[in-house]
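Geometric and topological summary
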Amino acid sequence: MVTKSAVIGIDLGASESYVAYVGKGIVDVVQNEVSKRATPTLASFNDRERMLGDQALAQIRSNAKNTCRNFKHLLGRKLDSPDLEKEHFWSLSKLAETDDGFAGYDVNYKGGSS
């Protein structure tokens, strides 16, 4: 039995993210759906769908209150954490406390709040 294997690496950046893999001794940075190697680290929500990356970036002006960015800065932090004070200023969508007590975003998705 022959198995094929590859090592995958993900760089979740504050503004851009990358995915790369190593297979057969070659390192390759994966291209996204618009043939770019860097994907904007954004998520945007509306009444119909969730958009990620370049698609979310295209919605940023018309749908800023439902667009999330800099989510890397929120990971594992409580909403009342002193180091999140700056995030309230820079965040496009409203920051809120999640069900498990951590910081998250309050956005409208498919007519509801998430």
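Here is a short report on the structure shown in this document. Please read these numbers as outputs of a predicted model, since none were measured by experiment.

Quick notes on the overall build of the chain
- The helix and strand tally for the chain stands at two helices and eleven strands.
- In sequence order, the secondary structure elements of the chain are arranged as β-β-β-β-β-β-α-β-α-β-β-β-β.
- Relative to the globule expectation of 13 Å for 114 residues, the C-alpha radius of gyration of the chain, 17 Å, shows a markedly less compact shape.
- If you line up the chain on its principal axes, its C-alpha atoms span 50 × 30 × 25 Å.
- Counting contacts in the chain only where the partners sit at least 6 residues apart, residues at least 24 apart contribute 36% of the total.
- As displayed, the chain offers around 8,100 Å² of accessible surface, 54% of which is attributable to carbon and sulfur atoms.
- Looking at the chain, you have 15 positive and 15 negative side-chain charges, and the mean spots of the two groups are 6 Å apart.

What to know about the packing of aromatic side chains
- With the rule as written, the count across this model stands at two aromatic pairs.
- Between the aromatic rings of F45 and Y109, the centroid separation amounts to 5.4 Å while the plane-to-plane angle is 70°, which identifies the pairing as edge-to-face. Of the two residues, F45 sits in strand β5 (residues 42–45) while Y109 sits in strand β10 (residues 108–109), which places them 64 residues apart along the sequence.
- Y109 sits in the partly exposed class, given a relative accessible area of 26%.
- Consider the rings of F89 and W90, whose centres lie 4.9 Å apart with planes at 85°: the pair is edge-to-face.
- For F89, a relative accessible area of 62% corresponds to the exposed category.
- Directly above the aromatic system of F102 lies the positively charged group of K78, at a separation of 4.4 Å from the ring centroid.

Quick notes on the pattern of salt bridges
- For the structure shown, the criterion picks out three salt bridges.
- Note that K36 and D54 form a salt bridge whose closest N and O atoms lie 3.6 Å from each other. A residue pair is termed long-range when its members are at least 10 positions apart, and K36 in the loop between β3 (26–29) and β4 (39–40) and D54 in helix α1 (residues 54–58) qualify at 18 residues.
- Among the residues examined, D54 registers a relative accessible area of 14% and is labelled buried.

Considering the side chain of N32
- Mapped onto the elements of the fold, N32 is located in the loop between β3 and β4.
- A polar contact is formed between the side chain of N32 and the side chain of D54, at a distance of 3.0 Å.
- Setting aside chain neighbours within four positions, we find N32 in contact with A38, T39 and D54.

Examining the nonpolar core
- Counting nine residues, the largest nonpolar core is built from A43, F45, C68, L74, L84, L95, A103, Y105 and V107.
- Broken down by secondary-structure element, the contributors of at least two residues to this core are β5 and β9 (103–106).

Reading the values: rules and limits
Residues numbered from 1 in each chain as written. Predicted model: local features only at pLDDT ≥ 70, side-chain atom pairs only at ≥ 80, totals over all residues. Heavy atoms only, no water. Helix = DSSP H or I, 4+ residues; strand = E, 2+ residues; numbered from the N terminus. Rg over C-alpha atoms; globule rule 2.2 N^0.38 Å. Contact = heavy atoms within 4.5 Å. Areas by Shrake-Rupley, 256 points an atom, 1.4 Å probe, with all protein chains shown as cover. Lys, Arg positive; Asp, Glu negative; His and termini not counted. Charge placed at Lys NZ, Arg CZ, Asp CG, Glu CD. Phe/Tyr/Trp six-rings, centres within 6.5 Å; stacked < 30°, edge-to-face > 60°. Buried < 20%, exposed > 50% of the residue type's maximum accessible area, 1.4 Å probe, protein only. Lys NZ or Arg CZ within 6 Å of the ring centre and 35° of its normal. Salt bridge = Lys/Arg side-chain N within 4 Å of Asp/Glu carboxyl O. Polar contact = N/O pair within 3.5 Å; in protein donor to acceptor, adjacent residues only side chain to side chain. Core = buried A, V, L, I, M, F, W, Y, C linked by side-chain atoms within 4.5 Å.

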